[in-house]
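So you can see what is in the structure, the chains are spelled out below.
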Amino acid sequence: MKHLDFDILVIGGGHAGVEAALVASHTGKRVGLISLDKTKLALMSCNPSVGGLGKSHIVKEIDALGGVMARATDATGIQFRKLNLSRGPAVWATRVQADRTAYNQYICQIINNDPNIEVIEAAADAILVENGQAVGVELDSGESVMAKAVIVCTGTFLGGLIHIGEKKIKAGRKGEKAAYKLTNSFRSLGFEVGRLKTGTPPRLDGTTIDYDLCEIQPGIEPKPYFSYDTKAIEIEQVPCFLTYTTKETKKIIQANLKKSPMFSGQIKSTGPRYCPSIEDKIYRFSDRDRHQIFLEPEGKNNSEVYPNGFSTSLPEDIQLKAIKTITGLENVKITQPGYAIEYDYCPAYQIKNSLETKLIANLYFAGQINGTSGYEEAAGQGLLAGLNASLKIDQEPPLILDRAESYIGVMIDDLVTRSTTEPYRMFTSRAEYRLCLREDNARDRLFDYANRYNLIPKEKYSQFTILQKETDLEMAKLSKIVISVAKLGKLADIFEKKENVSLADLLTVPGVEYDDIEPFIGSNGSYLSDADAIKERVSIFIKYKGYIKKQEREVSKFRNMESQFIPEDMPYNELNGLRNEAQEKFTRFKPISLGQASRIEGVTTGDIAALSVHVRKYSNKQKNRPEVE
């Protein structure tokens, strides 16, 4: 029987599904959010933290586009840190330890209070398709829920299988059922389906840990928040602790490697390269006698601790034996064993940059189904999928973020051009234009989109445009204020060939901060924006001005390649001058531009040169084709 119609159906209530549902709601769409358990929306299955290198940039971008992750993290954070402060602002990264339960409750409340969203507690068994378009979802109850678009955000629940030693448990998360029939639906529709693996450490009883033997890792003040809207929150931060494995840990794990599903052959799928299990680390780095383990609290009123760095799928008795050899954990109790989990995904060459699938119109994939790992990567995709599905319904073109304007754009482009065969994780090193893609300027890059699509209040956008204007005024002011080099003391040697120097030039000197030049500035006038925000922006913008100008020239070349579009029906197999490998890759990935084609693995500059000639010829041929009445 058919059930209640929606504009958009979202399958999965994880971080991707939540952002997709909320952004679709903001655009006025009626959303059905299909979740196996309506009380576990955006539950942090693994580490209860948000951010870190590269990932924090995505969270800032989600916030700039009106998403919820940044606000939820700030509201439920128990420890706030800023990483990489000894380096430049381009690689500064915010990392927040969140209260796992509070985060989940925060999200559930927002979803439940949204009048445009209805949570449907069920499993999705099949995608309903008519005339090549997704039109709904068949539930495990046999009901058919109809919609104009469907967004799939299944996380590890799609064909989920947990491994603990030789023990196998069908589940999407420990203690929760998974979705199995949906994979068959994808295969029947013609999608290629692969298998990936991730893992999680055991959870520990924090009252049984000897923290005196560990190294304290406190939060910092003032707290670095993710959301630009967050006001100061008065909380007592909870510390994390650093400890290490020992030679005895190594000895126990080496003696039991064959009992790990990874090494016994029980698990055949690929795991995350950048978050290996403790077994993998001991095996790959056999010359090292110890490895770092970060003890991270799961919440303020929760005694459970997450031992970051000790992901494992060893049998439970071996887990306990090994973890008791770690400094400070000699008497520890395990509250939940660690495990590996295998799940199904669809290699991302099958989606467009809009996250709509190439095979089925109005069907979108977001999150781990595309091969990514991490809450932040999933949430960024979910937001774009929700927005683009809404735009498609309104017959508007999709929002395609490119590599030069966002980390979300870098991630999606990486997925569709390289179609990762291992869980994808974001790093700042993946972004070639990272000098322009900093945490501090996410709004400068993306707020215009948020305003255009009504994802943020107009008042918020107006306030930011004032901040931008006042930042420009302050930079102009510093360029005009000139002081005598003789007054600079130790800094005079840097400008020995000059009599006078502007404050803007002075601010470019390494080690010189805004506070150092402030005595020469005089009155700041009557700026409407926050003075500290203006100071931070001015300092970063001026210090980076030369580097950014150079990178902007590179971005201009990049955008020129991106603007040379390739026709969708380009007959690659018929093109002379292309190597067989290039023909196969182009046919499979269907790049939308010469720029995107150039980033496909195995493609050479010669292939791009040949393709460029054919694109021009093909386009001219199409232009000169006579119209048929």
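1. What about helix α12 (residues 442-452)?
(1) Moving on: Counting buried positions over the eleven residues of α12 gives eight, a clear majority of the element.
(2) Moving on: Residues of α12 that are buried include every one of A442, R443, R445, L446, F447, Y449, A450 and N451, and no others.
(3) Moving on: Turning to α12, the residues buried within the fold contact α2 (55-64), α11 (407-418) and α13 (458-480).
(4) Moving on: A positive backbone phi angle near 60° is found at N454, which sits one or two residues after α12.

2. Section: the packing of α13 against helix α16 (residues 531-562)
The packing of two helices is summarised by the inter-axis angle and the distance between the axes.
(1) Moving on: Here α13 crosses α16 at 60°, and the two axes come no closer than 9 Å. The angle between α13 and α16 falls in the class oblique. Read as a crossing pair, α13 and α16 show a hand that is right-handed. From α13, F464, L467, Q468, E470, T471, E474, M475 and L478 reach across to α16, where they touch A533, I534, R537, V538, F541 and I542.

3. Concerning the sheet that holds strand β13 (residues 203-205)
(1) Moving on: Strand order in the open sheet formed by six strands is β14-β15-β16-β17-β13-β18, and the pairing between neighbours is antiparallel. Edge positions in the sheet fall to β14 (215-217) and β18 (334-336), since each of these pairs with one other strand and no more. In this sheet, adjacent strand axes meet at a mean angle of 35° when their direction is disregarded.
(2) Moving on: Inspection of the sheet shows strand β15 (residues 240-244) paired to strand β16 (residues 292-299) by four bridges, in the antiparallel sense. Considered in β16, the bridge of L242 is made with F294.

4. Some thoughts on the domain arrangement of the protein chain
(1) Moving on: According to the domain assignment, the protein chain contains domain 1 (6-47 + 107-201 + 343-452), domain 2 (203-340), domain 3 (458-562) and domain 4 (572-623).
(2) Moving on: Summing both sides of the interface, domain 1 and domain 2 together bury roughly 2700 Å²; the carbon and sulfur share of this comes to 54%.
(3) Moving on: Summed over the three residues of domain 1 that lose the most area to domain 2, namely H163, K197 and P201, the buried surface amounts to 28% of that side.
(4) Moving on: Applying the counting criterion to the domain 1 and domain 2 interface returns one salt bridge.
(5) Moving on: Linking K167 and E316 is a salt bridge whose minimum nitrogen-to-oxygen distance equals 3.1 Å.
(6) Moving on: Taken together, the elements giving at least two residues each to the side of domain 1 that touches domain 2 come down to β10 (161-164), β11 (167-170), β12 (194-200) and α12.

5. A short note on the pattern of salt bridges
(1) Moving on: This model, assessed by the stated rule, comprises 35 salt bridges.
(2) Moving on: Among the salt bridges present, the one from E296 reaches R95, with a minimum N-O distance of 3.1 Å. One end of the pair, E296, is in strand β16; the other, R95, is in strand β5 (residues 93-98), and 201 residues separate them in sequence.
(3) Moving on: E296 sits in the buried class, given a relative accessible area of 3%.
(4) Moving on: Where R579 meets E581, a salt bridge forms, and the shortest distance between an N and an O atom there is 3.3 Å.
(5) Moving on: In this structure, a network of salt bridges that share partners links the residues R403, D413, D414, R418, E432, E562 and R599.

6. Describing the pairing of strand β9 (residues 144-152)
(1) Moving on: With eight of its nine residues buried, β9 lies for the most part within the structure.
(2) Moving on: Relative to β9, strand β8 (residues 133-139) runs antiparallel, the two sharing three bridges. Among the inter-strand pairings, G136 is bridged to a residue of β9, identified as M146.
(3) Moving on: Alignment of β9 against strand β20 (residues 363-365), held across three bridges, turns out to be parallel.

7. A look at the packing of helix α10 (residues 375-393) against α11
(1) Moving on: In contact at an axis separation of 10 Å, α10 and α11 are set at 90° when each is read in the N-to-C sense. Classified by the angle their axes make, α10 and α11 are roughly perpendicular. Of α11, the residues touching α10 (which contributes E377, G380, Q381 and L384) are I408, M411, I412 and L415.
(2) Moving on: Among the residues making up the contact of α10 with α11, the classes are represented as five nonpolar, two polar and one charged.

8. As for the environment of E236
(1) Moving on: Structurally, E236 can be placed in the loop between β14 and β15.
(2) Moving on: With 64 residues separating them in the primary sequence, E236 and K300 have C-alpha atoms 9.7 Å apart.
(3) Moving on: Not counting the four nearest positions on each side in its chain, E236 is found in contact with I78 and K300.

What counts and what doesn't
Residues numbered from 1 in each chain as written. Predicted model: local features only at pLDDT ≥ 70, side-chain atom pairs only at ≥ 80, totals over all residues. Heavy atoms only, no water. Buried < 20%, exposed > 50% of the residue type's maximum accessible area, 1.4 Å probe, protein only. Helix = DSSP H or I, 4+ residues; strand = E, 2+ residues; numbered from the N terminus. Contact = heavy atoms within 4.5 Å. Axes fitted to C-alpha atoms, helices over the stretch in contact; angles between N-to-C directions. Parallel < 35°, antiparallel > 145°, perpendicular 65-115°, else oblique. Left-handed = near helix turned anticlockwise from the far one by under 90°. Pairing = 2+ DSSP bridges. Domains from an automatic or database assignment. Buried area = accessible area lost by both parts, 1.4 Å probe. Salt bridge = Lys/Arg side-chain N within 4 Å of Asp/Glu carboxyl O. Nonpolar A, V, L, I, M, F, W, Y, C, P; charged D, E, K, R; others polar.

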